[in-house]
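# Descriptive analysis of the structure
The primary structure of each chain is shown beneath.
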Amino acid sequence: MSPSLVSADVDWLARALAPAPDDVLREMAERADRESFPTVGPAVGGWLAALVRMTNARRVFEFGSGFGYSAYWIARALPPDGEVVLTEVDGDELDGAREYFAAGDLTDRARFEHGDALEVIEQVDGPLDLVLIDHEKARYAEAFEAVRGMVPAGGVLVADNAVTAGPMDPGDVRALLQGEDRPDASAASRGVARYLDRLREAEDFTTGLLPLGEGVAVSVRH
């Protein structure tokens, strides 16, 4: 599970206010801890569920799903006729997601796609009420351009790791957004900075930062 940007007290309250995780989510969290696999965690998971309900989302697309932790939070909040499209290049992880969704009786609200999310999205028809970007940081801006026209007014675009992640340096992201030259900045830092800069320029989106987990940029189409 990823560390939180906020104090332990605020993180605890965010988790306490989130919907209670079920046995499957607890098993997934234990796996993440055991394998040091980064997930959004229950505080951000609760926010994803809230965003599904606030937008009355029925169609959700996820860039990068791992073994399905964030998608599971989303699926629990979807109506019975809703669907979240999971994408993952690692077949074993996607198989794990299928098993967790089956255990939670949520398979009918999910579509599992093995492959590059940027290639999968080309085969998906809009509209998409909610999109979660959580794959290779260097490719966030590409994901935005791929889906921006598929998100309707009132729809939401969510990007995890807007502040930090393993290969990212928040200082580099800030400097790049301020127009400074950072020749040693990682591809991840450059990718996230490029994504956030696109959002600042996008007149059809309004963006806010949710400082939980490793930072979540939430953008609404208007």
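To start, this report covers the structure provided alongside it. (Residues numbered from 1 in each chain as written. Predicted model: local features only at pLDDT ≥ 70, side-chain atom pairs only at ≥ 80, totals over all residues. Heavy atoms only, no water.)

## What about the environment of A217?
Where we set the bar: Helix numbers and strand numbers start at the N terminus; a helix is a DSSP run of H or I with at least 4 residues, a strand a run of E with at least 2. Categorising residues by exposure relies on relative accessible area from a 1.4 Å probe, with only protein chains included: less than 20% of the type maximum marks a residue as buried, more than 50% marks it as exposed, and the intermediate range marks it as partly exposed. The contact criterion used is simple: two residues touch if any of their non-hydrogen atoms lie within 4.5 Å.
Within the element layout of this structure, A217 appears in strand β7 (residues 216–221). Given the relative accessible area of 2%, A217 is considered buried. Separated by 18 residues in the primary sequence, A217 and L199 place their C-alpha atoms 9.5 Å from one another. Once residues within four sequence positions are removed from consideration, A217 is found in contact with L157, V158, A159, A162, L196, T207, G208 and L209.

## Quick look at the sheet that holds strand β2 (residues 83–88)
Definition in use: The rule for pairing is simple: two strands pair if DSSP sees at least two bridges between them. Axes, fitted as lines to C-alpha atoms, cover a helix only where it is in contact. Angles between the N-to-C directions of the axes lie from 0 to 180 degrees.
If you walk across this open sheet you meet the seven strands as β3-β2-β1-β4-β5-β7-β6, and the pairing is mixed. Each edge of the sheet is formed by a strand with only one pairing partner; in this case those strands are β3 (110–114) and β6 (205–210). Direction aside, the axes of adjacent strands within the sheet are offset by 15° on average. Relative to β2, strand β1 (residues 59–63) runs parallel, the two sharing three bridges. Bridge pairing in β2 links R59 to E83. Along the sheet, helix α9 (residues 187–201) makes contact with β4 (130–133), β5 (156–160), β6 and β7, crossing β5 at roughly 155°.

## Things to note about the side chain of E88
Filter applied, for reference: His is not counted, nor are the chain ends, whereas Lys and Arg count as positive and Asp and Glu as negative. Salt-bridge detection follows one rule: a side-chain nitrogen of Lys or Arg within 4 Å of a carboxyl oxygen of Asp or Glu. N or O atoms closer than or at 3.5 Å make up a polar contact, with two conditions inside protein: a donor-capable atom paired with an acceptor-capable one, and, for residues adjacent in sequence, both atoms drawn from side chains.
Relative to the elements of secondary structure, E88 occurs in strand β2. Buried and without a salt bridge, E88 has R31 as its closest oppositely charged side chain, separated by 9.8 Å. One polar contact links the side chain of E88 to the main-chain amide nitrogen of G66, over a distance of 2.7 Å. Setting aside anything within four residues of it in sequence, one finds E88 in contact with G64, S65, G66, E93, L94, E113, H114 and G115.

## Section: the nonpolar core
Our working rule: Put simply, buried Ala, Val, Leu, Ile, Met, Phe, Trp, Tyr and Cys residues joined by side-chain atoms within 4.5 Å make one nonpolar core.
Among the nonpolar cores identified, the biggest contains 40 residues, and M28, Y69, I74, V84, L86, F101 and V158 are the most heavily contacted of them. Taken together, the elements giving at least two residues each to this core come down to α2 (23–35), α3 (41–54), α4 (69–77), β2, α5 (91–103), β3, β4 and β5. Broken down by element, this core gets its largest block of residues, seven residues, from α4. Formed by 32 residues, the second largest nonpolar core is a distinct cluster that contains M150, L157, L196 and L199.

## Things to note about α5
Just so we agree on the cut-off: Given the number of residues in a helix, its expected span is that number minus one, multiplied by 1.5 Å.
For α5, with 13 residues, the first-to-last C-alpha span of 18 Å sits near the 18 Å given by 1.5 Å per residue. On its buried face, α5 sits against α2, α4, β2 and β3. D105 occupies a position one or two residues after α5 and carries a positive phi of about 55°.

## What about the environment of G171?
Here G171 shows up in helix α8 (residues 170–177). Here G171 falls in the partly exposed class, since its relative accessible area comes to 35%. The spacing of G171 and R182 is 11 residues in sequence and 9.9 Å in space, taken between C-alpha atoms.

## Observations concerning the pairing of β7
Note: β5 against β7, five bridges, orientation antiparallel. When the bridges of β7 are listed, D160 appears paired with V216. The pairing of β6 with β7 spans six bridges and is antiparallel. Residue pairing for β7: L209 is matched across the bridge by A217.

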